[in-house]
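Spelled out from the first residue to the last, the chains are:
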Amino acid sequence: MTSIVRDQWYVAAYGHEIPPRDGGGGTAFGRTICGEPISFWRTSGGEVTAMSDRCVHRRFPLSQAPSRLVEDTVVCGYHGFTYGADGVCVAVPGQTRVPRAARLRRYPVVELDGFVWVFIGDPDRADAGSVPRAPWLALEGWTTVCGREPLAARASLLVENLLDLSHETYLHSGHIGTPEVAETSITVDVDEQAGTLRVSRHMADAGCPPFYARSTGITGRITRWQDIEFTPPCLYRLHSRVAPVGVVPNADGGDPDGFHVKVVYAITPETETSTHDFWAVARDFALDDASVSAYLRESNRTVVLQDVTALGVLERVVASEPDGYQELSINIDTGSLAARRLIARLAGSATLASPPVASRR
Ligand code: FES
Ligand SMILES: [Fe+2]
């Protein structure tokens, strides 16, 4: 049984990873999403197209040189089967008749907010209007740094990591963690209709971790709000607001003296036990300050890699207990458990593969 939820949109790449076709040549971009090898390329009109990365002839990858793009086709590098942007084979070597079955599986694609989203599952169920949004990544008035790290762990471990930020105090101390994160209780709110989850932690008077002290210039203690918005199974936004203690938003909701950061994660299964960890940090201050961008990029990547290391360890532990295992959950886990439930519901069943046995004390 699979733990990957299908009939869902997943982030496959950043738009900038799939270059425009200046000159018409180049090689397709390949990435495995939910266990499916997919090749991506832009047509001469700039549209991203996604299709199986396995040639129907002998399965040579179309994203692998010497496979290459020629105008609006991709030519297999092994024997030359040639496919159009719709995945249909238009030429084969040594004969004029192209077998009718010679077509690649195509995937619905949407490019939005700097991400390339691909629909995994029954393409008839793909609704482009249901792609969750992270508008700040491509919005005027925000500056974004971003990256992607390979994670040798199942996606659910990253989802649950991100929904319980109390771990910042321990795993990320010296970067984004201070004692107040673990000490402050959370509120959890599930919108059953929309299928989204909110987890909030508001710290009235907290230490300012280096991540915010160095990027904002605040020297004293801060009010720190963490409002997580998660759209299962894969898009996570952390609305972070920091300000010197005593600085509050205006009555009209404006907050000119607060500093706002949107930390976005797209959590895309590569396989059952490996994950693409897309991360982005958008800010509404120091927009043109390259040193702040460089610092936030380096600092957030360091934090992501701390999670990657810890979750890699956890994956090995969990994989060694395939028949299930006992956990002990406490208040801090309320958000993670809600996410588990929503994802299980999306999967159309109450349980996922190798379900952890949770108990609440
Ligand atoms: S494997 Fe692609 S043409 Fe033979
Ligand atoms: Fe973390």
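Residues numbered from 1 in each chain as written. Chains lettered and ligands numbered in written order. Predicted model: local features only at pLDDT ≥ 70, side-chain atom pairs only at ≥ 80, totals over all residues. Heavy atoms only, no water.

**A word on the overall build of the chain**
Okay, so step 1: Scanning the chain for helices and strands turns up 6 helices and 18 strands.
Okay, so step 2: For the chain, whose C-alpha radius of gyration is 22 Å, the value lies close to the compact-globule estimate of 21 Å for 361 residues.
Okay, so step 3: Within the chain, contacts between residues separated by at least 24 positions form 60% of all contacts whose residues are at least 6 apart in sequence.
Okay, so step 4: When the accessible surface of the chain is split by element, carbon and sulfur atoms take 52% of a total near 16500 Å². (Helix = DSSP H or I, 4+ residues; strand = E, 2+ residues; numbered from the N terminus. Rg over C-alpha atoms; globule rule 2.2 N^0.38 Å. Contact = heavy atoms within 4.5 Å. Areas by Shrake-Rupley, 256 points an atom, 1.4 Å probe, with all protein chains shown as cover.)

**So, the domain arrangement of the chain**
Okay, so step 1: Here the chain is partitioned into domain 1 (8-128) and domain 2 (132-346).
Okay, so step 2: The centre of domain 1, based on its C-alpha atoms, is set 33 Å off from the matching centre of domain 2.
Okay, so step 3: Taken together, the contact between domain 1 and domain 2 spans 19 residues of the former and 25 residues of the latter.
Okay, so step 4: Arg133 is the partner of Asp113 in a salt bridge, and the nearest nitrogen-oxygen pair spans 2.8 Å.
Okay, so step 5: At the surface where domain 1 touches domain 2, the tally comes to 9 residue pairs in polar contact (both at pLDDT 80 or more).
Okay, so step 6: Contributing elements (two or more residues each) for the side of domain 1 that touches domain 2: strand S1 (8-14), strand S2 (29-33) and strand S11 (115-120).
Okay, so step 7: Looking at the side of domain 1 that touches domain 2, the element that brings in the most residues is S1, giving 7 residues. (Domains from an automatic or database assignment. Salt bridge = Lys/Arg side-chain N within 4 Å of Asp/Glu carboxyl O. Polar contact = N/O pair within 3.5 Å; in protein donor to acceptor, adjacent residues only side chain to side chain.)

**Thoughts on the packing of helix H1 (residues 155-163) against helix H6 (residues 334-346)**
Okay, so step 1: It is the contact of H1 with H6, at a shortest axis distance of 8 Å, that shows an interaxial angle of 140 degrees. Classified by the angle their axes make, H1 and H6 are oblique. For the element pair H1 and H6, the recorded crossing hand is right-handed. Contacts from Val159, Glu160 and Leu163 in H1 reach Gly335, Ser336, Ala339, Arg340 and Ile343 in H6.
Okay, so step 2: Taken together, the residues that form the contact of H1 with H6 break down as 4 nonpolar, 2 polar and 2 charged. (Axes fitted to C-alpha atoms, helices over the stretch in contact; angles between N-to-C directions. Parallel < 35°, antiparallel > 145°, perpendicular 65-115°, else oblique. Left-handed = near helix turned anticlockwise from the far one by under 90°. Nonpolar A, V, L, I, M, F, W, Y, C, P; charged D, E, K, R; others polar.)

**Some points on the packing of H1 against helix H5 (residues 290-319)**
Okay, so step 1: Interhelical geometry of H1 versus H5 gives an angle of 130 degrees and a closest axis separation of 10 Å. Between H1 and H5, the angle falls in the class oblique. In this structure, H1 crosses over H5, and the sense of that crossing is right-handed. Taking contact as the criterion, the partners of Leu157, Leu158 and Asn161 in H1 are, on H5, Asp307, Leu311, Leu314 and Glu315.
Okay, so step 2: Here the residues of the contact of H1 with H5 are counted per class, giving 4 nonpolar, 1 polar and 2 charged.

**With respect to the side chain of Arg154**
Okay, so step 1: Within the secondary structure, Arg154 sits in the loop between strand S12 (143-151) and H1.
Okay, so step 2: What makes Arg154 buried here is its relative accessible area of 14%.
Okay, so step 3: Within the structure, Arg154 has its side chain in polar contact with the side chain of Glu315 (distance 2.8 Å). (Buried < 20%, exposed > 50% of the residue type's maximum accessible area, 1.4 Å probe, protein only.)

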